[in-house]
There are 4 protein chains.
Amino acid sequence: MKVSIVGVTGYSGLELVRILRQHPQVEIRSIHSQTAVGQEISVDYPHLKGLIDLPIESVDPEKIMAASDLVFFATPSGISKEMALPFIRAGFPVIDLSGDFRLKKAGSYQKWYGKKAAPLEFLQQAVYGLAEFRKDKEAKLVANPGCYATAALLSLAPLVQKKLIEPDSIIVDAKSGLSGAGKKLSSSSHFIEVNENMTLYKMNTHQHIPEIMQQLQKWDEAIPALQFSTSLIPVSRGIFATTYVRPKEKASTDYFYDIFSAAYAADPFIRIQEKGHYPVLKQVIGSNFCDIGLAYNQATNILTMVTVIDNLVKGAAGQAVQNLNIIGGYPQEMGLRMLPVYP
Amino acid sequence: MKVSIVGVTGYSGLELVRILRQHPQVEIRSIHSQTAVGQEISVDYPHLKGLIDLPIESVDPEKIMAASDLVFFATPSGISKEMALPFIRAGFPVIDLSGDFRLKKAGSYQKWYGKKAAPLEFLQQAVYGLAEFRKDKEAKLVANPGCYATAALLSLAPLVQKKLIEPDSIIVDAKSGLSGAGKKLSSSSHFIEVNENMTLYKMNTHQHIPEIMQQLQKWDEAIPALQFSTSLIPVSRGIFATTYVRPKEKASTDYFYDIFSAAYAADPFIRIQEKGHYPVLKQVIGSNFCDIGLAYNQATNILTMVTVIDNLVKGAAGQAVQNLNIIGGYPQEMGLRMLPVYP
Amino acid sequence: MKVSIVGVTGYSGLELVRILRQHPQVEIRSIHSQTAVGQEISVDYPHLKGLIDLPIESVDPEKIMAASDLVFFATPSGISKEMALPFIRAGFPVIDLSGDFRLKKAGSYQKWYGKKAAPLEFLQQAVYGLAEFRKDKEAKLVANPGCYATAALLSLAPLVQKKLIEPDSIIVDAKSGLSGAGKKLSSSSHFIEVNENMTLYKMNTHQHIPEIMQQLQKWDEAIPALQFSTSLIPVSRGIFATTYVRPKEKASTDYFYDIFSAAYAADPFIRIQEKGHYPVLKQVIGSNFCDIGLAYNQATNILTMVTVIDNLVKGAAGQAVQNLNIIGGYPQEMGLRMLPVYP
Amino acid sequence: MKVSIVGVTGYSGLELVRILRQHPQVEIRSIHSQTAVGQEISVDYPHLKGLIDLPIESVDPEKIMAASDLVFFATPSGISKEMALPFIRAGFPVIDLSGDFRLKKAGSYQKWYGKKAAPLEFLQQAVYGLAEFRKDKEAKLVANPGCYATAALLSLAPLVQKKLIEPDSIIVDAKSGLSGAGKKLSSSSHFIEVNENMTLYKMNTHQHIPEIMQQLQKWDEAIPALQFSTSLIPVSRGIFATTYVRPKEKASTDYFYDIFSAAYAADPFIRIQEKGHYPVLKQVIGSNFCDIGLAYNQATNILTMVTVIDNLVKGAAGQAVQNLNIIGGYPQEMGLRMLPVYP
């Protein structure tokens, strides 16, 4: 399968390059960005020297569709909702890593992203690409989930699908490394403001909240809202999400382990930890794994899920390749079995 | 006031030196440790060269009581419960930074610390030194609170004292820097295991839980238990505690701000943040401040407190100096108005 | 002494506030910046809340001279060479932390800073404020040295003054934390580009080179040039400079220790380490110390100086306060005996 | 080719697993360590869960030689000099990542490692596995170079082989991340001592010095010694080596670029940077590249090489796989074309 990557110079775009370079069935045919057009990518990204010597091109849909079989959009929000339209209209496979096609309601996009949404028909047509729960295998337009949303939904799915928890009891306390905030320069990404620091931001206003709610309510429409806290910790990669819920009925710790183990038995990228063991961030960095540990507190009837992912892999480029594998009819692990980079 | 410091080579002991060196009414008369006795402290701690050239001494209670007016124990748990006894019996002022005198029930100490408790009469005699809420100004034996406990209790006090929250709804998600774990070598403090990582540890089993519960139940005996998660983040200093509670009745954000502002109006080290602003860890590092921000989510009826302290200052040595100021009859801010070290 | 600080919101300006707040003879009368004029500084710098509640003002020389006895310029290069002129003309004491008055030759400033220099008469009038070697105690205009220059010159002074080394043999390999690069947003200060990284920049083109050469040639005019490498390491504060020179004659290690010990015997902020011990960066952070270790390699006849300073203290605000102490006739350690912040 | 790894739980051993897992011609048959024998490796190293589920075994040479075609020793120094002997005697291929077979002179090993050397015949038989310069392709016993030695020798080879520099002018200022120091617990690897710090250690006494000298003198026997400084910087992986030399004759910058470009024209893992560009540490992390930038200072006649490698890849496990590729007759890039992990 030949692919093109639009937005290649962002962190997710570069990570797509890193992963796809090792995929046995994929060839990267062209890479696209708005800056440095015409230049070989290794000039500004010297880590790629001798590995990828493609020039950066501007986006010409006809040319891309002629040369490739699928296009990734790894652009900031607000770009693909316009730039991807020619591809979608032509029925050409699109995997969009931005938030532009995740929300089914145009008003919701407008509210959380502060921009006009893509045309409603395209929003309806898009399939939400949470790979472990993706239903429509035939869809040509995939809205790849947000990194926080991936961590939160994988933490909650087994419980919410079975309606086991009090609908108003969900609290997600999520911590992220800086690559999740993208390359844009701002005082909040200056080394001095991040190093030796921890910062809570977008309290209950993060744009991943509506896609989480949309999916949770598909599973259990009784869920009214959730408490969602997002913080930055001084690491480059990774999301560490601690999720608290109150089960409808008290149960044993084993009971909840069994629920999770059964729910993810067929999913090679979800690794439920041994009882009493909680995953550390580093054990998934560089890989497509989502590792989950559980703690059930009998005294308070609070069940805690500790979930870690690499925001750029399972939370972005890796999951996008899972979605490519579905589109291409390949085994879901193809090209994605790389080991975490430890230490 | 002349003071002696036992356990001077631990992080809290060294921080006591840093703070007391600037206290206008205090002179450090002697410093004590079990290692390197006889050596000047600046040999192993070269940052002190030319500043503190006292030799490290072993502990001789008679000699200390003859030379000093007060003794700090900045020792690991299990030391002061024996080593401080001669001082306590003699009615000599003791401020203990360890957990040995914090719990009123010997069985509780035994359960959470895995050691035999100090004699019950001394546990009863000790006053819990949460400075903002310390009642008995005359006490000679002060049990300085734990760092996590300080952050959690200051986050909850205004609400629990007024019985405003559902008793079973408290969730504390606390993140700490590595100095909180002390100098002991273990794989969990190796740079490689901490850097670019985040780790949850002692889930619901941290030894600060019983002192938090003991104090919360003094304020509202209906509190049955709490959910308490402790994590390590890759910073040297600081605790960032996110605390979630469910108010008994829905209210406005302003209402909760007013509660906190009123509760801490007379407390110079508690800084309630402006509405919509959450404190970042770095804004208290090196100082004795405890900064608190609030977020009330109408949709979920969850009130969140975001609280930051420097675990070695307000969470240890700084609060100990507040307690010294109470004992000495000095203004509580004396020697403690140093600015945070930013950036 | 009443002082005003222009450029208070930069890292050096904030550090001046931190230090001067504890100086027993100084009162900060006004603080100045080009942004957020009229706002209390604690709004944008919440670490100052309750400590400094002065409003930020624009710069009105008449008003400053009426209210204060001395003005600090902690502005980026290119500002004070114009904004300080009214003060200098009036004979009002100015301590400039920028590079604008350090170079005696206007052409040199133009070459290294890419800007037109201050009027020549003012360049001539300024005294270079390397505190340990400052000659003219009466000067009203002090050009506070650059951070790299401070580390390099203090490493070399005892040798160069005595003309002990081969003039063409000086190599300075200096590593700096990010606060040295200031608050300006650039991709090189983005957390992702700094964390887990090390970067060499401005190879042999750093603007501190000419002031180092100017001073070295005062001491030994035979010095023709030096090799000067500057790198960024992922820490917030500190300069770690490794300086290599070839002595004219082979000697013993003791010989060089004696040279350094004698040269700095009267300087409380220069701490020569014990033989065989090299300073670590952390042992000076937050303090005004410059710690120096020596290693003489008989086999290669290379003498290595390992020198650490806090770039914001001894390399900027602390040395500026040393210069204030000289102007005010105070003991040079006044207000500067704060302990390093360890750990 | 079937391989066994002795010392699998060290950082280099784990990195061998990460790399070999992707090598198309290699199968890991068994893994060995002295601890946790019998346990699956993913119990203590949860990042490997679902990827490598081999049990850890003790070392039985007969069994290993029966099952595998080659054995790696990724053990600390002092182990393989005894444990590898049965393999060597049997003519079984051994790649030793420790220092035990690098030095040709037993006395030198004794001096620098403080231990008795391996039998002299085996020292003589071993080939030094600096892959780009490895002569004897048939050797069965490969002594894989040290990480610092790899960076230093690749920086110097083109110049020293052609005898272009003053023999007594070599200064290597090398900075390393913490994984280079191994997993052993010591106060120097405690997070608090590393974070926000930089430390110089083993000044002119690092055990990689003799292997560097041994190789340099093979190329130019006039080299008498070198100045070699090793420091720790707060990163997990990577060596950043700045090497200063004085050319025998002044020349242009282009001249030196041409020397290096020609010397490494056939070496895919050595990437000479564009003129005026210096490599940053991060651009090689996770990969087998050694990136080199040059700066020639006409004023001082000092040529500087700025060289970066990942100490665990090109400095250990990656170079070991290069050596496996030579032994197996595979293309040298096989299994080693993974992209650096950026960001």
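Keep in mind it's a predicted model, so treat the numbers as computed, not measured.

### A closer look at the interface of chain A and chain B
Then step 1. Contacts between chain A and chain B engage 36 residues on the former and 36 residues on the latter.
Then step 2. Taken together, the elements giving at least two residues each to the side of chain A that touches chain B come down to strand 8 (171-176), strand 9 (199-201), strand 10 (227-232), strand 11 (239-245), strand 13 (290-297) and strand 14 (302-309) of chain A.
Then step 3. Among the residues forming the side of chain A that touches chain B, the class breakdown is 21 nonpolar, 10 polar and 5 charged.

### Let's talk about the packing of helix 8 (residues 147-161) of chain D against helix 12 (residues 313-328) of chain D
Residues and elements named next belong to chain D.
Then step 1. Two elements in contact, helix 8 and helix 12, have axes separated by 8 Å at closest approach and are oriented at 100 degrees. By the angle between their directions, the pair helix 8 and helix 12 is classed as roughly perpendicular. For the pair formed by helix 8 and helix 12, the contact residues are Cys147, Thr150 and Ala151 on the first element and Lys314, Gly315, Ala316 and Gln319 on the second.
Then step 2. A class-by-class count of the residues in the contact of helix 8 with helix 12 yields 3 nonpolar, 3 polar and 1 charged.

### A look at the relation of the copies chain A and chain B
Then step 1. Superposing chain A onto chain B takes a rotation of 180 degrees plus a shift of 0.0 Å along the axis, which leaves an RMSD of 0.0 Å. Overall, the copies show the geometry of a two-fold rotation axis.
Then step 2. In this assembly the copies share their binding face: 100% of the residues contributing to the interface of chain A also contribute to that of chain B.

### Examining the relation of the copies chain D and chain B
Then step 1. Placing chain D over chain B gives an RMSD of 0.0 Å and needs a rotation angle of 180 degrees, together with 0.0 Å of translation along the axis.
Then step 2. Most of the interface of chain D is mirrored in chain B, where 100% of its interface residues again form contacts.

### Section: the sheet that holds strand 6 (residues 127-128) of chain D
By way of backbone hydrogen bonds, the strands of a sheet pair with one another, either parallel or antiparallel.
Residues and elements named next belong to chain D.
Then step 1. Spatially, 7 strands are ordered 3-2-1-4-5-7-6 in an open sheet, and the strand pairing comes out parallel. On the outer flanks of this sheet lie strand 3 (56-57) and strand 6, each paired with one strand and no other.
Then step 2. Relative to strand 5 (residues 94-96), strand 4 (residues 70-73) runs parallel, the two being bridged by 3 bridges. Each residue of the ladder has a partner; that of Phe73, found in strand 5, is Asp96.
Then step 3. Across the face of the sheet, helix 1 (residues 11-20) comes into contact with strand 1 (2-6), strand 2 (27-32) and strand 4 while running at roughly 160 degrees to strand 1.

### Focus on the nonpolar core
Then step 1. Among the nonpolar cores identified, the biggest contains 466 residues, and A:Phe72, B:Phe72, C:Phe72 and D:Phe72 are the most heavily contacted of them.
Then step 2. Non-local contacts of C:Phe72, meaning those with residues more than four positions away in its chain, are made with C:Val3, C:Ile5, C:Val6, C:Leu16, C:Ile95, C:Leu97 and C:Ala320.

### A short note on the environment of C:Ala225
Then step 1. Looking at the element boundaries, C:Ala225 is found in the loop between helix 10 (209-219) and strand 10 (227-232).
Then step 2. Judged by the 18 C-beta atoms lying within 10 Å of it, C:Ala225 falls in the partly exposed class.
Then step 3. Between the alpha carbons of C:Ala225 and C:Ala90 there is a distance of 37 Å; along the sequence they are 135 residues apart.
Then step 4. Residue contacts for C:Ala225: discarding those within four places in its chain leaves D:Ala299 and D:Thr300.

### Side note on helix 12 of chain D
All names here are of chain D.
Then step 1. With 16 residues, helix 12 should reach 22 Å at 1.5 Å per residue; the first-to-last C-alpha distance of 19 Å falls well below that figure.
Then step 2. A maximum bend of about 40 degrees is found in helix 12 at Gln319.
Then step 3. Burial analysis of helix 12 places 15 of its 16 residues in the buried class, the great majority of the element.
Then step 4. Just beyond helix 12, the residue with positive phi is Gly329, at close to 75 degrees.

### Comments concerning the environment of D:Pro224
Then step 1. Within the element layout of this structure, D:Pro224 appears in the loop between helix 10 (209-219) and strand 10 (227-232).
Then step 2. In the structure, D:Pro224 is positioned 55 residues away from D:Ser169 in sequence and 9.6 Å away in space, judged by C-alpha atoms.
Then step 3. Apart from residues lying up to four places away in sequence, D:Pro224 is in contact with C:Ala299, D:Pro167 and D:Asp168.

### Considering unusual backbone geometry
Residues and elements named next belong to chain B.
Then step 1. With an omega of 0 degrees, the peptide bond running from Tyr342 to Pro343 counts as cis.
Then step 2. Tracing the backbone shows Pro343 in the segment after helix 12 (313-328).
Then step 3. A positive phi angle, close to 60 degrees, is found at Asn204, a residue other than glycine.
Then step 4. On the secondary structure map, Asn204 appears in the loop between strand 9 (199-201) and helix 10 (209-219).

### Observations regarding the sheet that holds strand 4 (residues 70-73) of chain A
Then step 1. Strand order in the open sheet made by the 7 strands is 3-2-1-4-5-7-6 (chain A), with parallel pairing throughout. Two strands bound the open sheet, and with one partner strand each, they are strand 3 (56-57) and strand 6 (127-128) of chain A.

### Considering the pairing of strand 4 (residues 70-73) of chain C
Two faces belong to every sheet, and in a regular strand the side chains alternate between them.
All names here are of chain C.
Then step 1. The side-chain alternation of strand 4 yields two buried faces, one formed by Leu70 and Phe72 and the other by Val71 and Phe73.
Then step 2. In the sheet, strand 1 (residues 2-6) pairs with strand 4 via 4 bridges, with the strands oriented parallel. Each residue of the ladder has a partner; that of Val6, found in strand 4, is Phe73.

What counts as what
Residues numbered from 1 in each chain as written. Chains lettered and ligands numbered in written order. Predicted model: local features only at pLDDT ≥ 70, side-chain atom pairs only at ≥ 80, totals over all residues. Contact = placed C-beta atoms within 7 Å. Helix = DSSP H or I, 4+ residues; strand = E, 2+ residues; numbered from the N terminus. Nonpolar A, V, L, I, M, F, W, Y, C, P; charged D, E, K, R; others polar. Axes fitted to C-alpha atoms, helices over the stretch in contact; angles between N-to-C directions. Parallel < 35°, antiparallel > 145°, perpendicular 65-115°, else oblique. Least-squares fit on C-alpha atoms with pLDDT ≥ 70 in both. Pairing = 2+ DSSP bridges. Core = buried A, V, L, I, M, F, W, Y, C linked by C-beta atoms within 7 Å. Buried ≥ 20, exposed ≤ 12 C-beta atoms within 10 Å, placed from the backbone. Expected span 1.5 Å × (residues − 1). Bend = angle between axes of the 7 residues up to and from the residue.

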